[in-house]
Amino acid sequence: MILSFHPCFVTDRQIILGDRALREDDRRLIRDADAILLPQACSSELFEACRQSRAALFPNYTWRFDFPGKIGQSELFRRFEWPHPNTAVWRTVDHFRKACPGPEDFPHDRPFLIKTNHGHEAEGIFVIHDLQDLESSCASLSALEHTGYHGFVSQEMIASRGNVLRVVILGRRFIPYWKRPNRPDRMITTISRGAIIDGHWRPDLQGKGISAARRLSADTGITLAAIDFIFPLDRPDPGPLVLEVNYYFGRRGLGGSLKYYRSLYRVIQEWLAEQGQDSRKVTLA
């Protein structure tokens with residue numbers, strides 16, 4: 001039996017959870033399933049219930065939940081020895097202040113970045129040029145700690161000129177495109193803040209990024225994610241540094257939601273066939 005929790009894909013049985021918790025009848029279907037399709041907005045409760053079953057799962061979200069946030073991802077990058085910007089993990093603001101009481105003790109050359117553990121699309125990223133920037137970021141981080149959100153990372157600033165290469169892993173396909181700044185002075189680039197989507201710039205670096213994404217997918221079994229890479233463009237032959245693994249990502253760079261879901265539908269059909277399941281049992285809603 002093929003079970004789908006994805007609202008866009010109908011199979012033998014489909015459950016659209018929304019915001020509700022799993023019920024016992026949901027858990028019974030999970031235990032009986034041979035293959036399960038998970039939504040991108042998958043909760044930890046849903047994933048844990050499905051992981052404990054005998055079913056094959058798509059996508060593979062093991063690393064998403066075992067290494068959460070920027071702190072978890074920095075540990076993941078070190079575990080697999082993927083080239084990445086030099087990153088330090090801090091449990092609290094007090095932990096950082098005790099280890100780095102003055103500019104001579106900072107963990108990176110200035111400017112450097114401070115990132116909240118669970119920020120998304122450049123939210124919670126601070127560029128540290130001087131002590132004033134640091135004090136402002138620490139005040140924001142302390143406010144977060146009072147609401148129960150602890151932990152952040154500091155990271156070296158790579159001379160990427162604001163250019164970020166995204167490689168989307170879609171089953172066995174690897175789709176690259178650049179997020180480029182719309183102003184030459186913009187160091188943090190996101191699509192939500194007006195980044196230019198460019199599928200043609202620097203094909204040589206795109207090829208390097210695809211190779212790195214293939215290695216990442218082979219190492220982990222990740223089947224659906226958007227991997228962000230940056231390159232130190234001040235070097236003559238720059239290599240890709242993995243910046244972030246995004247499991248929930250926008251579709252503009254892929255041609256929009258309709259094109260994305262049609263591509264994902266084909267990927268799911270291929271995956272079901274590989275699991276020995278009848279791929280004709282899934283339809284795109």
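(A) Representation of the pattern of salt bridges. Taken as a whole, this structure holds 19 salt bridges when the rule is applied. Across the pair Lys70 and Glu244 runs a salt bridge whose closest N-O atoms are separated by 3.7 Å. Taken together, the residues Lys70 in helix H4 (residues 69–80) and Glu244 in strand S14 (residues 241–246) connect sequence positions 174 residues apart. On the accessibility criterion, Lys70 (13% relative accessible area) is buried. Of the charged contacts, one joins Lys98 and Asp94 as a salt bridge, the two residues approaching to 3.2 Å between their closest N and O atoms. Residue Lys98 and its partner Asp94 are located together in helix H5 (residues 93–99), separated by four residues, close to a single helical turn.

(B) Region of interest: helix H2 (residues 44–51). All of the buried residues in H2 are Leu46, Phe47, Ala49 and Cys50. In an axial view of H2, the angular spread of the buried residues amounts to 165°, which keeps them on one side of the axis. On the buried face of H2, the contacting elements are helix H1 (24–32), strand S4 (35–37), strand S5 (56–58) and helix H3 (62–66).

(C) Seen up close, the environment of Asp278. Among the secondary structure elements, Asp278 is positioned in the loop between helix H8 (257–274) and strand S15 (283–284). In sequence terms Asp278 and Lys208 are 70 residues apart; their C-alpha atoms lie 36 Å from each other. Here Arg280 takes part through its backbone nitrogen, which lies 3.0 Å from a polar atom of the side chain of Asp278.

(D) Local environment of the sheet that holds strand S7 (residues 112–116). Pairing in this open sheet of four strands is antiparallel, and the strands run S6-S9-S7-S8 from one edge to the other. Either end of the sheet is taken by a strand with one partner, and the two such strands are strand S6 (87–90) and strand S8 (125–128). Each strand axis lies, on average, 20° off the axis of its neighbour in the sheet, ignoring direction. Pairing between S7 and strand S9 (residues 152–156): five bridges, direction antiparallel. Bridging across to S9, Phe112 finds its partner in Glu156. On the sheet, H4 packs against S6, S7 and S9 and is oriented at approximately 135° with respect to S6. The strands touched by helix H6 (residues 131–146) within the sheet are S7, S8 and S9, with S8 carrying the most contacts at an inclination of about 155°.

(E) Representation of the nonpolar core within the structure. Counting residues in each nonpolar core, the largest one holds 63 residues, and the members touching the most others are Phe5, Ile30, Ile36, Leu38, Leu46 and Leu264. If you tally residues by element for this core, the top one is H8, at seven residues. Those residues in contact with Ile30 that sit more than four places away from it in its chain are Leu3, Phe5, Leu22, Ile36, Leu46, Ala49, Cys50 and Ser53. Formed by 13 residues, the second largest nonpolar core is a distinct cluster that contains Val93, Phe112, Ile128 and Cys138.

(F) Region of interest: the packing of aromatic side chains. Going through the model one piece at a time under the given rule, you end up with 17 aromatic pairs. Summarising the aromatic geometry, the rings of Tyr61 and Phe65 are spaced 6.4 Å apart at their centres and angled 75° between planes, so their arrangement reads as edge-to-face. Classification of Tyr61 as buried rests on a relative accessible area of 0%. Between Tyr61 and Tyr247 the ring centres are 6.0 Å apart and the planes differ by 90°, which places this aromatic pair in the edge-to-face class. Of this pair, Tyr61 sits in the loop between S5 and H3 while Tyr247 is found in the loop between S14 and H8, placing the two residues 186 residues apart along the sequence. Among the aromatic side chains, those forming a connected cluster through ring pairs are Phe9, Phe249, Tyr260, Tyr261 and Tyr265. Positioned over the ring face of Tyr61 is Arg64, at 4.5 Å from the centre of the ring. The aromatic ring of Trp201 is capped on one face by Arg180, whose charged end is 3.9 Å from the ring centroid.

Conventions used here
Residues numbered from 1 in each chain as written. Predicted model: local features only at pLDDT ≥ 70, side-chain atom pairs only at ≥ 80, totals over all residues. Heavy atoms only, no water. Salt bridge = Lys/Arg side-chain N within 4 Å of Asp/Glu carboxyl O. Helix = DSSP H or I, 4+ residues; strand = E, 2+ residues; numbered from the N terminus. Buried < 20%, exposed > 50% of the residue type's maximum accessible area, 1.4 Å probe, protein only. Arc of directions from axis to C-beta. Contact = heavy atoms within 4.5 Å. Polar contact = N/O pair within 3.5 Å; in protein donor to acceptor, adjacent residues only side chain to side chain. Pairing = 2+ DSSP bridges. Axes fitted to C-alpha atoms, helices over the stretch in contact; angles between N-to-C directions. Core = buried A, V, L, I, M, F, W, Y, C linked by side-chain atoms within 4.5 Å. Phe/Tyr/Trp six-rings, centres within 6.5 Å; stacked < 30°, edge-to-face > 60°. Lys NZ or Arg CZ within 6 Å of the ring centre and 35° of its normal.

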